[in-house]
Amino acid sequence: MPKLSLPLRLALLVAGTMLPLIMFAAGIVFYNYRQDRREATQRVLETVRSIRLVLDAEVQRMTGALQVLSLTDALRDKDFDGFRRIAKGFLDQYGEGGVVLVAERDGRQVFSSVTRDTASLPLRNNREIVEKVFTTRHPQYSNLFLGVVKKRLIVTVEVPVFDDGNVIYVISFSPPIEIFQSIIEKQRLGPDWTISIFDGDGINFARVPNPQETIGKKASPTLHAEMFRRPEATFPTVSLEGAPLITSVARSSLTGWAVAAGIPESSLVAPLWRNLAITSVIGGILLLVGLAFAVRMATTIARGEMLHDLLIEELNHRVKNTLAILQSIATQTFRSASRVEREKFEGRLGALAEAHNLLSTEKWQGSDLAEVIGRVLRPYLLNNPERVRMFGPAVPLSPRLAVVLSMILHEIATNAAKYGALSNESGTVSLDWEIIEQSAGRQLRLIWSETGGPPVTAPVQRGFGSRLIERSARDQLGGEATVDFLPRGVVYTVTCALGSESA
């Protein structure tokens, strides 16, 4: 076998060293893609669960109000003028578009919130559900149908009216479809998401995107074939617009309606190809740079025997530097994360930066707790400062306590803005703190209480933010952090040891 020249041997050495590193970086990219796909699938499933809970809560609120109406003396005494005044108070909650009807078993309407002239009203055109209410004696929830009064597609909530234990009427409420459209629009996590609410036959009655073109249409064939097999499932589908989606479906046991949400497959595949392309380009550039250095060094070595040892050492040094650069770039560039995780990371850095800015202003002599809280909550106080009430004594903090408490409060406020009292227009937060004298020394206790937010549900699993709060309180503050998911709202309690450094 002929002996290879020195430049060729060095080129093969560099290529043999760099190519495995490039392949390893590509493997990291693909692994992160698989991880992102699993996380995206879980995120879609959690989203449909959340929307289903909100939908059920809204329908239960309607049902409860109608059951209260069914107990009024005016309705039992057939005082429909008096009942009209009572029903108006209920309808005012839903704005224009809501209609209340009262019908007998044969479908004849004895009351309508639209007109006093009930004699001219036609019979109910969905008498099957009226008969079902009389038969079962329980509330029922319709599929989408053409309303005889509204002359448009509607769904109804039907509640029986009892007199001496017998069902004498059915109260029907057709809420504005916009209520259900608003629910999914508020829960939509991004413009590329597709979210729908279907009736018991798989017909759309609320959807984003393109609600006007799709309401009243059946679910796409791939979705319709799967949505009735299980109460909850995740599977690939194709949207009505023809886009491949990762879709989750959750069916309500209360109404029989279903919620479906999906994200485009392209939103996951595109970053994979982009990262692989970046890996290939950077790896190719560094490989060429390494080969160029190898050829140049080998050519220089061939010019003189006297510089042989020196040039060999220089070559080794440069190749090692090049390999170190590649490893650093692979580690920093391809440790990819989703946009949500990057925003969380940037938010945490921002909270840390604000704490450092405050301490810098005070020449690192510490700061007051109220100032730390004000810095962290400033974004939430700009538009409506009344939503956050703060009360507590002046508490000087050491630099270390100020930084750690800033991070903890940032995580709590971020959770409230995403899922809790600060995620809607009506929620409020109460933040109180006090100093407790203990035998082991003084302790600071902060209580964050939320009210008026969305319905509270305990998370299936604890995220990084929850672990950060708990570990920071325990390991860095010498205290503890607890969270209670109460019906009225989430309550965080954080305690930490003040000690002599905060005196």
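In case you missed it, the structure is sitting above this.
The text that follows walks through the structure, step by step, so that each part is easy to find.

Calculation notes
- Residues numbered from 1 in each chain as written.
- Predicted model: local features only at pLDDT ≥ 70, side-chain atom pairs only at ≥ 80, totals over all residues.
- Heavy atoms only, no water.
- Core = buried A, V, L, I, M, F, W, Y, C linked by side-chain atoms within 4.5 Å.
- Buried < 20%, exposed > 50% of the residue type's maximum accessible area, 1.4 Å probe, protein only.
- Helix = DSSP H or I, 4+ residues; strand = E, 2+ residues; numbered from the N terminus.
- Contact = heavy atoms within 4.5 Å.
- Pairing = 2+ DSSP bridges.
- Axes fitted to C-alpha atoms, helices over the stretch in contact; angles between N-to-C directions.
- Parallel < 35°, antiparallel > 145°, perpendicular 65-115°, else oblique.
- Left-handed = near helix turned anticlockwise from the far one by under 90°.
- Nonpolar A, V, L, I, M, F, W, Y, C, P; charged D, E, K, R; others polar.

**Focus: the nonpolar core**
Move 1: Grouped together as the largest cluster of nonpolar side chains are 49 residues, with contacts concentrated most on Phe83, Ile171 and Phe180.
Move 2: Here the element with the most residues in this core is helix H1 (residues 6–70); it accounts for ten residues.
Move 3: If we ignore the near neighbours within four places in the chain, the residues touching Ile171 are Leu66, Leu69, Ser70, Leu75, Phe83, Val100, Leu101, Val102, Val157, Glu158, Val159 and Val161.
Move 4: Counting residues in each nonpolar core, the second largest holds 35 residues, with Ala402, Leu409, Val429 and Tyr492 among its members.

**Re the sheet that holds strand S6 (residues 157–163)**
Move 1: Spatial strand order, S2-S1-S7-S6-S3: five strands in an open sheet with antiparallel pairing. A single partner strand is all that each edge strand has here, and the edge strands are strand S2 (109–112) and strand S3 (140–141).
Move 2: Here helix H3 (residues 80–91) sits on the sheet in contact with strand S1 (99–103), S2 and strand S7 (166–174), set at roughly 50° to S2.
Move 3: Packing against the sheet, helix H4 (residues 127–136) makes contact with S3, S6 and S7, and its axis sits at approximately 135° to S7.

**So, the packing of helix H11 (residues 369–381) against helix H12 (residues 399–418)**
Move 1: Where H11 contacts H12, the axes come no closer than 10 Å and their chain directions differ by 30°. When the axis of H11 is compared with that of H12, the two are roughly parallel. In the crossing of H11 with H12, the sense of the turn from one axis to the other is right-handed. Counted together, Leu369, Val372, Ile373, Val376, Leu377 and Tyr380 of H11 and Ala402, Leu405, Ser406, Leu409, His410, Ala413, Thr414 and Ala417 of H12 form the full contact between these two elements.
Move 2: Class assignment for the residues of the contact of H11 with H12 results in eleven nonpolar, three polar and no charged.

It is worth stressing that arrangement in space is one thing and function is another; only the former is reported here.
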